[in-house]
Amino acid sequence: MYCLELVGEEDRFAAREAEAAATAIERVAPGVATARGIDRERAQGLAYTRFISELVGKSTADIEAARLILEAASFDRTGSIAVRARDVRASTEIDTQTVERVLGSVLVDRGFTVDLDDPDHVLRAVFSQGALDGGERSTCLLGWLSVETDRDFTTRKPTDRPFFQPGSMAPMDARAFVNLAGGGPDTTVLDPMCGTGGVLLEAGLLGARPIGVDAQAKMVRGAQTNLAAYVPDCEAAVIRGDATDLPLRDGSIDAVVFDAPYGRQSKIARHGLAELVSGALTEARRVAPRAVMIADRSWADAAEAAGWTLEDRFVRRVHRSLDRHVHILR
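Keep in mind it's a predicted model, so treat the numbers as computed, not measured.

Caption draft 1: Quick peek at the packing of helix α3 (residues 63-72) against helix α4 (residues 96-109). Packing of α3 against α4 brings their axes to within 10 Å, and their N-to-C directions diverge by 20°. Comparing their axes, α4 and α3 come out roughly parallel. Crossing handedness for the pair α3 and α4: right-handed. Across the interface between the two elements, I63, A66, R67, L70 and E71 of α3 pack against T98, V99, V102, L103, V106 and L107 of α4.

In structure tokens form, the structure reads like this:
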């Protein structure tokens with residue numbers, strides 16, 4: 001079993017993204033989930049999971065209970081250790097320094113040495129308390145750190161890319177949407193409204209082959225420039241085209257991710273917004289078995305009319321005047 005430390009305030013969204021790399025996920029407290037198994041390589045690329053640890057034991061959010069769990073646990077490890085304690089969202093008022101001292105003493109008594117800079121093993125003690133699924137949870141999960149996910153999103157901020165246009169999606173969100181769609185190594189991921197190429201960048205960094213389509217030549221050139229800057233060795237393709245009439249064979253794509261226009265007419269002059277979204281959904285269904293569509297409203301009816309099954313939907317607050325509706329389609 002594994003402990004997953006989730007990022008952000010939307011635990012259900014984070015846990016759903018984690019399904020790209022973990023099995024049998026269960027949220028056990030605010031900001032914390034467990035999983036039966038993980039794919040370490042895929043887990044490295046999760047956006048809304050920070051740490052994954054091999055579970056040693058579980059108790060209530062209490063230092064003494066955590067100490068007793070650690071004393072009773074059996075594990076086949078030797079060498080140097082560091083203990084890292086975390087009070088998730090400051091929900092338990094646990095003194096994390098005291099936790100690290102107490103649990104570190106237990107491990108020293110069992111023959112470990114302490115190395116805070118470059119330890120052989122890191123024990124994570126995660127405390128969380130709060131409401132979950134209509135009940136109150138108080139949890140401490142102890143685990144040996146197994147995966148620390150890549151956190152280099154700030155190096156790809158839209159404003160720092162060679163080609164930038166306002167409204168570009170944050171790389172952390174783009175990464176999560178690619179994971180939700182099932183993009184990863186040995187897959188082909190299409191964005192039929194690729195814009196500046198943010199989704200394509202994250203797909204390429206996850207080991208997928210990105211394919212982008214956009215109606216504007218300026219965007220095609222810009223997306224190509226950004227891909228060359230961040231994933232120069234990626235086998236990517238970006239072409240000018242119409243999302244409602246894709247120049248692709250049936251079933252040639254593994255996953256589609258696209259950010260539909262928000263409350264405005266498309267740049268493709270002959271399409272209104274509803275026609276554009278419906279046509280793009282129909283074409284996406286023709287070329288791929290799964291998709292994630294992001295929009296400023298629900299397009300569930302249009303997705304079902306295009307032949308998709310709406311597997312899940314999330315409404316995520318961007319700012320006071322904008323919510324993102326994330327449709328997971330199969």
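Caption draft 2: Region of interest: the pairing of strand β13 (residues 237-240). Where strand β12 (residues 209-214) lies against β13, four bridges are found, and the strand directions are parallel. Within β13, the position partnered with V213 by the bridge is I239. Between β12 and its parallel partner β13, the chain crosses via helix α7 (residues 217-230), and the hand of that crossover is right-handed.

Caption draft 3: Spotlight on the pattern of salt bridges. Scanning the model with the defined rule gives 26 salt bridges in all. A salt bridge links E54 to R77; the nearest nitrogen and oxygen atoms lie 3.5 Å apart. In this pair, E54 sits in strand β6 (residues 49-59) while R77 sits in the loop between α3 and β7 (80-87), placing the two residues 23 residues apart along the sequence. A residue is classified by how much of its surface remains accessible, and E54, at 35% relative accessible area, is partly exposed. In this structure, K157 engages D160 in a salt bridge whose closest nitrogen and oxygen atoms are separated by 3.9 Å. Residues joined by salt bridges that share partners form a network here, namely R12, R16, E19, E311, D312 and R330.

Caption draft 4: The arrangement of the side chain of T49 in detail. Of note, T49 is situated in strand β6. Excluding residues within four positions of it along the chain, T49 makes contact with L4, E5, L6, V7, A14, E17, A18, T149 and R151.

Caption draft 5: Inspection of the environment of R137 at higher detail. Positionally, R137 belongs in strand β10 (residues 135-148). Separated by 77 residues in sequence, R137 and T60 place their C-alpha atoms 8.5 Å apart. Every residue in contact with R137, bar those within four places of it in the chain, is listed here: R27, V28, A29, S128, Q129, G130 and L132. Among the polar contacts made by the side chain of R137, one reaches the main-chain carbonyl oxygen of V28 at a distance of 3.2 Å.

Caption draft 6: Geometry of the sheet that holds β12. Strand order in this open sheet of seven strands is β13-β12-β11-β14-β15-β17-β16, and the pairing throughout is mixed. Bordering the open sheet on either side are β13 and β16 (310-319), each of which pairs with just one other strand. For this sheet, the mean inter-axis angle between neighbouring strands, taken without regard to orientation, is 15°. One ladder, built from eight bridges, connects β16 with strand β17 (residues 322-329); its direction is antiparallel. Each bridged residue has a counterpart across the sheet, and for L310 the counterpart in β17 is L329. Together, β12 and β13 form the strand contacts of α7, whose direction differs from that of β13 by roughly 170°.

Caption draft 7: Expanded view of the environment of A20. Residue placement: A20 occurs in the loop between α1 (11-18) and β2 (22-23). By relative accessible area, A20 is classed as partly exposed at 21%. Each C-alpha atom, one on A20 and one on G182, is 6.4 Å from the other, the two residues being 162 residues apart in sequence. For A20, the contacting residues outside a window of four places in its chain are R42, L46 and N179.

Caption draft 8: Examining the environment of G111 more closely. With respect to the secondary-structure elements, G111 resides in the loop between α4 and β8 (113-114). Residue G111 is classed as exposed on the basis of its relative accessible area, which comes to 58%. Spatially, the C-alpha atom of G111 lies 8.1 Å from that of G79, the residues being 32 residues apart in sequence.

Caption draft 9: Highlighting α4. Between its first and last C-alpha, α4 extends 20 Å over 14 residues, near the 20 Å set by a 1.5 Å rise per residue. Where α4 is concerned, the buried positions are V99, L103, G104, V106 and L107. Across the axial projection of α4, the buried residues extend over an arc of 155°, all falling on one side. α4 presents Q97, R101 and D109 as exposed residues on the side facing more than 90 degrees away from its buried surface. Those residues of α4 hidden inside the fold are in contact with α3, β7, β9 (121-132) and β10. Downstream of α4 by one or two residues, G111 has phi in the positive range, about 100°.

Conventions adopted
Residues numbered from 1 in each chain as written. Predicted model: local features only at pLDDT ≥ 70, side-chain atom pairs only at ≥ 80, totals over all residues. Heavy atoms only, no water. Axes fitted to C-alpha atoms, helices over the stretch in contact; angles between N-to-C directions. Helix = DSSP H or I, 4+ residues; strand = E, 2+ residues; numbered from the N terminus. Parallel < 35°, antiparallel > 145°, perpendicular 65-115°, else oblique. Left-handed = near helix turned anticlockwise from the far one by under 90°. Contact = heavy atoms within 4.5 Å. Pairing = 2+ DSSP bridges. Right-handed = clockwise from strand over helix to strand, strands pointing away. Salt bridge = Lys/Arg side-chain N within 4 Å of Asp/Glu carboxyl O. Buried < 20%, exposed > 50% of the residue type's maximum accessible area, 1.4 Å probe, protein only. Polar contact = N/O pair within 3.5 Å; in protein donor to acceptor, adjacent residues only side chain to side chain. Expected span 1.5 Å × (residues − 1). Arc of directions from axis to C-beta.

Interpretation note: all reported values are geometric properties and have no functional meaning in isolation.
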